[in-house]
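Residue strings, one per chain:
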Amino acid sequence: MPRKIDVLIVDDEEQIRSLFYTMLEHAGVRDIYVCESLGESVGIVASHNVDVVVLDLFLGEIGGVDTVSAFKELFPDLPVVVVTGYDQDGLSYKCFESGASDFLIKPEVSQMLLYKSCVYAVERDIIQKHSQMESERANTYLDIAGVMMLVLDKNGDIVLINKKGCDILGYDSADELVGKNWFDTCIRPEDRDRIEQVFLTVVGASNTKVVQCENAVVRKDGSTRFVSWRNSNTPYRGEIVSLSSGEDITKQKVMMDALKASEHRYRRLFESAQDGIIILDFDTGQILDVNKYLLDLLGYTHKEYLGKKVWEIGPLSEVISNKNVFLELKQKGYVRYESRVASSGSGEPVNVEFISNSYRVNGQTFIQCNIRNITARVVLEERQRLIIRILKLLNAPYSVQTTISDLLEMIQEFTGIEAIALRLQEGEDYPYFMYKGFDQSFIFLENFLCRTDNQGCNVFDEHGKPILDCMCGCVIRGNVDKSLPFFTPNGSFWTNSTTELLEANAGQPLSSSQMKTRNRCNTEGYESVAIIPLSTGSDIIGSIQLNDSRKGVFTLGLIGFMEELALTIGVAVARAWQEDRIKILEVAKTKDLLQSSRQLNSGIAHELRTPLQAIFNSFEIMKAVSQEECPNQLCTRCTSSCSFREEMVQMAEGGIDRSSYSIQVLDSLSEYSKAASSEELHLINLFTELNTIIKTLRYTDYFKCFSAEAFRLVDRTSRECSIMMNRVDFSQLIINLCRNAREAIDHDHPCIQIVLDLVDNESVITIQDNGKGIKSDLGDTIFEPYFSTKENPDSHNQGLGLSIVKNIVLAYGGNITYNSRSGCTEFILKFSCIQEQTQEE
Amino acid sequence: MKKMKILIVENDVIVNRIWSSWLSRKQHQIRCAISAAEAISLIDEEMPDLLLLDLRLNGPSPKASGLRVFDYARRKNPDVPVIFITGLEYDVELYRKAKGFSDHDNSVGKYTTMVKKPISIDKLTDMVQSLEI
């Protein structure tokens, strides 16, 4: 049943109004209103229900299409059926454009046409309103959907875009965009080809499969945002269009990029870190990642690590030796310790500090192990400790010999070098002062550096200095070309392969023509050789030589350290040397005094010999003559008094006796002087020398009465000990003391014992006898010349023995004391010992 | 006991006189010289059977003067026996070295003996007697 409608007829012609009224009335329209102008119609529409308006296009004051526009302006929601006298110039089209629902030509209007036109206009309006509502609702949905909706036709022109889309793109309304080409407007030129390709795939697809993509879109202001799309196709107004929903992922994208960048940064940190880093799975201990530094440090490839258990990797097993250690690591969460591992490069052990932390990422726990190479630090610490030890040693009150011996031992122990030696200036030359690990023959052959001519005389350079041979000589003279790789800026020589060095420099004379290397180091099989100048800072006083048969023992760092040490040692040695020189000077002074007094004695002895000769022989003749039977009986003295003759004999004997005694004194003076004839020092092995002296003495008449047990040497030393002394001086010293001991013994069970001992590197020689002892109140007066305890004028003691002893002992920087009581007297001699190693020199 | 012609060369006149007196008593024919020059002129006069020679005589070169007499006598008669009398062993060593004799050889060449002052008159007599042929 047709809808009941109310119609308003607006026409300025009375007849037309009546006609249409009648037509519509008959057709069954519910209420019909009529008026002749737009003005009147306003009142009617406002006060009555009007569903549709039948409008004449020409209402007097206005006409044509403007009438429709004017009416639609007044009542935009009211459907209008235009009725006009004629249709021309596309008037009907214009009317539709302006919002007319129908267009009728008056002559053709019938009752049915008019009625239906009105009814349809109302129906269409209702449908249109409904559809508009639907569309608005859909748009609202789209707008509040939160995603961007975009429909493009097959040319890529924008058919529809929702509010969200406009927002994202920075446009106020969709109208600004609809109809424009999407690619030209919203896609960056560089992306266009790629995105169009996606678009063509979407619209060309036979199904509505969703295609995803991401791209940047250009906003109105030229900035860009990133949109993640879900694209599909759909039919729209008879053609296939693309329908895309897009989400603004700019924020996420920026975050992702930032995350990626940060990840990249951390990766670079991880890879370029100067610590070895291992990432472990907390549960299994499997290696998840290792960085490059660790690969370089320990060897193995990245692949070899991954998936392995940490304690299965060779070098790491020294750090994390087994699963238990790993478990402990897991339990504590943080572990730190130091260890040594074998390095891949040199095979040399490196010191590492191992730090392990566990941490959680996204609910998963990892263990990160940092392995830091602390070799340099450890080496530095060890060196520091060595320097401290050396400084302590250098400041200790030991002799230069002891100090340097200990020093070389320390350095040898620290460096692990096979052989080490120290040269020190002695006169013009720089012989080895001490050495360890070198063959004696090597030292013997290489001991002196001064170049000599055929006559054995030193050869001098233009500055009047003796030319020193070999590399040692160059270093000591500072005659080094520091541009050459085997010399350091501080003037040391070093090589890790003498063979290669000689080959490389074969045929080319080294920088200075003065230099002549003997190459014995190489021929003796020493590959690594370093010679470091021993300097006081201003002067080079010697050198330290390090030799090793292995190649590649040295590093520049080690040599630098040795140079540092050499400076410390040089200064200390120079100082100690100076002190020693003063001591030596003092000794020399005493020796000089001794020497000159000896010479004087010698002169006196000689001068006295001839007069004594006369006196002695005179008494002898006197005695002989007095004893003779006087051939001439006329001699009154002879006949008169035989008692006088006897008296003469006695007097002559007395004279002979005194002269003999004087001759003995002269003899001991001579002996004393003779010892001074040689200043040469000998290295005296005390045990051997004392045994020889005892043996010799026992052959003499004076000691014949001693059995082997009664005159013997008792050795209490733990090692060989030797002193430096002139051999004659030493013999005289011991013989005098033995004679002295012998003289003190006046009974039939003589016993002399020489005890040799070593106390604090001092050799102690004690000569004990079981004689009558020395009076307690004598003190040191016994050492004064011509002092004698003898009561017997026939004694062998001329009173010089002990003073000679004392002088000799003092001249060699020794010490003599004695203890005495009846039945036991001992003289104690002390001399500083020479270190065993130096004996080989 | 053979009588020998002995030339005593000793610069100390007293020692010289004692020895000559004593040896004269032993029936030897003694001549005395107190300097090298005197000794040489006496050797020129007549070659002695034995020279008793002090090594150190006063003269321009005291050390060598005795040796000069020795050399002079030996040139005239290479076999003439000589007893050196000296104050110091040092002189003997010096002479040994100069003549290239062995250190261990106690005699200084043929028929030569070295004695150190002071020497007992008996020992001197024994030595002289031991040289008698």
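Residues numbered from 1 in each chain as written. Chains lettered and ligands numbered in written order. Predicted model: local features only at pLDDT ≥ 70, side-chain atom pairs only at ≥ 80, totals over all residues. Heavy atoms only, no water.

**With respect to the confidence of the model for chain B**
All names here are of chain B. This prediction gives chain B a mean pLDDT of 77; 73% of its residues lie at or above 70. Per-element confidence in chain B ranges from a low mean pLDDT of 56 for helix α4 (residues 89-99) to a high of 93 for strand β1 (residues 5-9). Contacts from residues 102-108, a stretch scored under 50 in pLDDT, to residues over four places away or in other chains number 11 contacts. Scored as a whole, the predicted complex attains pTM 0.40, and scored at its interfaces, ipTM 0.73. (pLDDT = per-residue confidence, 0-100. Helix = DSSP H or I, 4+ residues; strand = E, 2+ residues; numbered from the N terminus. Contact = heavy atoms within 4.5 Å.)

**What about the pattern of salt bridges?**
Residues and elements named next belong to chain A. Counted under the stated rule, the structure contains 27 salt bridges over all chains. Note that Lys220 is salt-bridged to Glu176, the shortest N-O span being 2.9 Å. One end of the pair, Lys220, is in the loop between β8 (211-218) and β9 (224-236); the other, Glu176, is in the loop between α6 (163-169) and α7 (182-186), with 44 residues separating them in the sequence. On the basis of relative accessible area, Lys220 is assigned to the partly exposed category, the value being 46%. Its salt-bridge partner being Glu653, residue Lys623 comes within 3.4 Å of it at the nearest N-O pair. Placement of the pair is Lys623 in helix α20 (residues 556-627) and Glu653 in helix α22 (residues 642-675), with a sequence separation of 30 residues. Judged by relative accessible area, Glu653 falls into the partly exposed class, the value being 36%. Within the structure, one salt-bridge network assembled from shared partners comprises Asp11, Asp56 and Lys106. (Salt bridge = Lys/Arg side-chain N within 4 Å of Asp/Glu carboxyl O. Buried < 20%, exposed > 50% of the residue type's maximum accessible area, 1.4 Å probe, protein only.)

**Topic: the sheet that holds strand β6 (residues 148-152) of chain A**
Residue and element names in this part refer to chain A. Strand order across the open sheet formed by 5 strands is β7-β6-β10-β9-β8, with antiparallel pairing between neighbours. The open sheet terminates on both sides in strands that have one partner only, identified here as β7 (158-161) and β8. When strand polarity is set aside, the average angle formed by the axes of neighbouring strands in this sheet is 30°. When β9 meets strand β10 (residues 239-248), the two strands line up antiparallel, connected through 10 bridges. The residue bridging Val227 from the neighbouring strand is Asp248, located in β10. (Pairing = 2+ DSSP bridges. Axes fitted to C-alpha atoms, helices over the stretch in contact; angles between N-to-C directions.)

**Some thoughts on the side chain of A:Gln545**
Residues and elements named next belong to chain A. Checked against the element boundaries, Gln545 lands in strand β20 (residues 540-548). Among the polar contacts made by the side chain of Gln545, one reaches the side chain of Tyr432 at a distance of 2.6 Å. Aside from chain neighbours lying at most four places away, what touches Gln545 is Ala419, Ile420, Ala421, Arg423, Tyr432, Phe438, Phe442, Cys472, Cys521, Ala530 and Ile531. (Polar contact = N/O pair within 3.5 Å; in protein donor to acceptor, adjacent residues only side chain to side chain.)

**Observations regarding the packing of aromatic side chains**
Each aromatic ring pair is described using two quantities: the centre-to-centre distance and the angle formed by the ring planes. All names here are of chain A. Within this structure, the stated rule accounts for 17 aromatic pairs over all chains. Here Phe486 and Phe487 contribute two aromatic rings whose centre-to-centre distance is 5.0 Å and whose plane-to-plane angle is 55°, an arrangement assigned as tilted. Relative accessible area serves as the criterion here: at 7%, Phe487 is assigned to the buried category. Joined through ring pairs, the aromatic side chains of Tyr432, Phe438, Phe442 and Tyr526 make up one cluster. In this structure, Lys253 is placed above the aromatic ring of Phe226, and the distance from its NZ or CZ to the ring centre is 4.9 Å. Seen from the ring of Tyr432, Arg423 lies directly overhead, with NZ or CZ sitting 3.8 Å from the centre. (Phe/Tyr/Trp six-rings, centres within 6.5 Å; stacked < 30°, edge-to-face > 60°. Lys NZ or Arg CZ within 6 Å of the ring centre and 35° of its normal.)

**Let's talk about the interface of chain A and chain B**
Facing the 18 residues of chain A at the interface are 19 residues of chain B. Taken together, both faces of the contact between chain A and chain B bury some 1,600 Å²; the carbon and sulfur share is 64%. One can count 0 salt bridges joining chain A with chain B. Where chain A packs against chain B, one counts 5 residue pairs in polar contact (both at pLDDT 80 or more). If you list the elements that add at least two residues to the side of chain A that touches chain B, you get α20 and α22 of chain A. At 14 residues, α20(A) tops the list of elements feeding residues into the side of chain A that touches chain B. (Buried area = accessible area lost by both parts, 1.4 Å probe.)

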